[in-house]
Amino acid sequence: QAAIAAFTKGEDWLDQLCAYIYENKKYAAGSIRSELPEIKIVGGPATYLLWLDVSACTKDDKALQRFLRDTAGLWVSAGSAYGEAGKGFLRVNLACPRSLVEDGMSRLKKGVEASGQDKRAHSASDHMYSYIKALPQIKSKQKYCMDMQI
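Residues numbered from 1 in each chain as written. Predicted model: local features only at pLDDT ≥ 70, side-chain atom pairs only at ≥ 80, totals over all residues. Heavy atoms only, no water.

**Structural notes on the confidence of the model for the protein**
Taken residue by residue, the protein gives an average pLDDT of 80. The fraction at 70 or more is 76%. Per-element confidence in the protein ranges from a low mean pLDDT of 38 for helix H6 (residues 143–146) to a high of 96 for strand E3 (residues 77–78). Contacts from residues 117–150, a stretch scored under 50 in pLDDT, to residues over four places away or in other chains number 64 contacts. (pLDDT = per-residue confidence, 0-100. Helix = DSSP H or I, 4+ residues; strand = E, 2+ residues; numbered from the N terminus. Contact = heavy atoms within 4.5 Å.)

**What about the sheet that holds strand E4 (residues 89–93)?**
With antiparallel pairing, four strands are arranged side by side in an open sheet as E1-E2-E4-E3. Among the strands making up the open sheet, the edge pair consists of strand E1 (40–42) and E3. When E3 meets E4, the two strands line up antiparallel, connected through two bridges. Considered in E4, the bridge of Ala78 is made with Leu90. The strands that helix H3 (residues 61–72) touches are E3 and E4; relative to E4, the one it contacts most, it runs at about 40°. (Pairing = 2+ DSSP bridges. Axes fitted to C-alpha atoms, helices over the stretch in contact; angles between N-to-C directions.)

**Quick look at the nonpolar core**
Among the nonpolar cores identified, the biggest contains 21 residues, and Ile32, Ile39, Leu50, Leu52, Leu68 and Leu108 are the most heavily contacted of them. Put simply, the parts of the chain that give this core at least two residues each are helix H2 (11–35), strand E2 (49–53), H3, E4 and helix H4 (98–115). When residues in this core are grouped by element, the largest group, four residues, is from H4. (Core = buried A, V, L, I, M, F, W, Y, C linked by side-chain atoms within 4.5 Å. Buried < 20%, exposed > 50% of the residue type's maximum accessible area, 1.4 Å probe, protein only.)

Pasting the structure below:
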């Protein structure tokens, strides 16, 4: 009965959740654009995850991911863990309280500034854009979840 209730009475809750995550995504994007302009944000459809092109900061997304974890206490995912197209990216989860997003953006800034990684000659964005285009387009009436482009 819980599943039936979720499908028949959960629309308001889902709308609120999607709106909350959307605001987290806007906050994170604004923070990154103003504080870390070398990092490019790659938008994706209907997701609570933010993909960051860090190829201007590092040659090794796994090394940066470990550095952020060990030095700044920020747990993000190395994009290369998700295949060849993810190399040069970090994946950030935004489905959390705003206070954690704010703290995470602060830790990201401090960690990237402290990393001192060499710059990379080319951007990994082209690989990620083709990966995102290959994702099946999900149809949904949920206006906030589908329009999270930032």
